[in-house]
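# Fold and contact review
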Amino acid sequence: MIRASLASTPPGPARESELALVTDLIWAHCGPGHGLEHLRAKVTGEGLDLYLFMRAPSEAASFAQAHAILTSALPPLISHGYRTTATYC
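Residues numbered from 1 in each chain as written. Predicted model: local features only at pLDDT ≥ 70, side-chain atom pairs only at ≥ 80, totals over all residues. Heavy atoms only, no water.

### Notes on the side chain of Gln-65
- Turning to its location among the elements, Gln-65 is positioned in helix H2 (residues 59-79).
- On the basis of relative accessible area, Gln-65 is assigned to the buried category, the value being 16%.
- In contact with Gln-65, not counting residues within four places along its chain, are His-34, Gly-35, Met-54, Arg-55, Ala-56 and Pro-57. (Helix = DSSP H or I, 4+ residues; strand = E, 2+ residues; numbered from the N terminus. Buried < 20%, exposed > 50% of the residue type's maximum accessible area, 1.4 Å probe, protein only. Contact = heavy atoms within 4.5 Å.)

### Considering the pairing of strand S3 (residues 47-54)
- The buried fraction of S3 is high, at 7 of 8 residues.
- Between strand S2 (residues 36-43) and S3, which pair antiparallel in sequence order, lie 3 residues. (Pairing = 2+ DSSP bridges.)

### Digging into the environment of Asp-49
- Within the fold, Asp-49 resides in strand S3.
- Look at Asp-49 and you get buried, because its relative accessible area is 9%.
- Sequence-wise, Asp-49 and Cys-30 are 19 residues apart; in three dimensions their C-alpha atoms are separated by 18 Å.
- For Asp-49, the residues in contact, after removing those within four places along its chain, are Arg-3, Ala-4, Ser-5, Arg-40, Ala-41, Lys-42 and Thr-44.
- Of the polar contacts made by the side chain of Asp-49, one reaches the side chain of Arg-3; its length is 3.1 Å.
- Side chain to side chain, Asp-49 and Ser-5 meet in a polar contact 2.8 Å long. (Polar contact = N/O pair within 3.5 Å; in protein donor to acceptor, adjacent residues only side chain to side chain.)

Below you can see the structure in the form of structure tokens.
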């Protein structure tokens, strides 16, 4: 599992209604080779946290796959007012 934090612009918590939009954007920019099996989003005080459940042969591979997904989805995320802030295992 990888946790990625997204900050909203302007700063503040995401609206509950935006969770589905963000998860749909992530899935739309994800292919079978990315290894994403499940995705959850949770509102935080700064925006939202994404929990990416990855299928990968190693921790390093899961980080690389999650990074590829977020990099691919970044332009539409930015257009909807989000930017990546941190990724954790």
